[in-house]
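Spelled out from the first residue to the last, the chains are:
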Amino acid sequence: MTRRVNYEDNIFYLSLVFKGIAAGLKLNIDTDLYRDRIIEDIRFLDKTCSSIYQSLRANHLMIDRLTHLKGLMKLNSIFIELLEDVLEERYPLASALEQDFDLLQRIQSTREVELAGLKEMIAKLGDEGVDQEQIVSEQEFKFLLSSDEDQEESSD
């Protein structure tokens, strides 16, 4: 049995996880209690974004693919900005994450590569949409219908 993936809800949930991370980084909370949790949430967000990216990349015939690609692109963009802010120590908790800066830089690089891939897929889909839009004139439509009717009458 094939499994149906609800990309819209998955991306929405990841956005909520992102907001939780961003809010936590802005607070003056006890780093001994929350540092590991924040790093694990960032890892989860990175891993899950990659998984959704790979799935969207492989599934060319999906309905609403463009919408999902755009949603994931937006999430990647703000995730990259957050990582940049942490690495430049613009958050109160950033200094407590200093020992994980190498990991955060690798995650940021991965997000940037996937963001470029998303932009490329979106551009490609946009180009295909222009090429694929076909307008059938009223005369062509009548011709097509009359051809079917003529074939039905001749087969009777």
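Details of the structure are given in the entry above.
As the structure is a prediction and not an experimental result, all values here were calculated from the model.

Here we come to the side chain of aspartate 100. Assignment of secondary structure puts aspartate 100 in the loop between helix H3 (65–87) and helix H4 (101–132). Sequence-distant contacts of aspartate 100, that is, excluding residues within four places in its chain, are made with Arg35 and Ile39.

We now examine the environment of arginine 111. In this structure, arginine 111 sits in helix H4. Arginine 111 sits 61 residues away from serine 50 along the chain, and the two C-alpha atoms are 8.2 Å apart. Residue contacts for arginine 111: discarding those within four places in its chain leaves Asp46, Cys49, Ser50, Asn76, Phe79, Ile80 and Leu83. Of note is the side chain of arginine 111, whose polar atom sits 2.7 Å from the side chain of asparagine 76.

Here we come to the packing of helix H1 (residues 7–26) against H3. Contact pair H1 / H3: the axes reach a minimum separation of 10 Å and the direction vectors enclose 15 degrees. Comparing their axes, H3 and H1 come out roughly parallel. In this structure, H1 crosses over H3, and the sense of that crossing is left-handed. Here H1 contributes Tyr7, Glu8, Ile11, Leu14, Ser15, Phe18, Ile21, Ala22 and Leu25 to the contact with H3, which in turn contributes His68, Gly71, Leu72, Leu75, Ile78, Phe79, Leu82 and Val86.

Right, let's talk about the pattern of salt bridges for a bit. What the rule picks out here adds up to seven salt bridges. Taking the shortest distance from any N to any O, the salt bridge between aspartate 85 and arginine 90 comes out at 2.3 Å. Arginine 90 sits in the partly exposed class, given a relative accessible area of 48%. The salt bridge partner of glutamate 114 is arginine 111, with a shortest N-O separation of 2.8 Å.

Reading the values: rules and limits
- Residues numbered from 1 in each chain as written.
- Predicted model: local features only at pLDDT ≥ 70, side-chain atom pairs only at ≥ 80, totals over all residues.
- Heavy atoms only, no water.
- Helix = DSSP H or I, 4+ residues; strand = E, 2+ residues; numbered from the N terminus.
- Contact = heavy atoms within 4.5 Å.
- Polar contact = N/O pair within 3.5 Å; in protein donor to acceptor, adjacent residues only side chain to side chain.
- Axes fitted to C-alpha atoms, helices over the stretch in contact; angles between N-to-C directions.
- Parallel < 35°, antiparallel > 145°, perpendicular 65-115°, else oblique.
- Left-handed = near helix turned anticlockwise from the far one by under 90°.
- Salt bridge = Lys/Arg side-chain N within 4 Å of Asp/Glu carboxyl O.
- Buried < 20%, exposed > 50% of the residue type's maximum accessible area, 1.4 Å probe, protein only.

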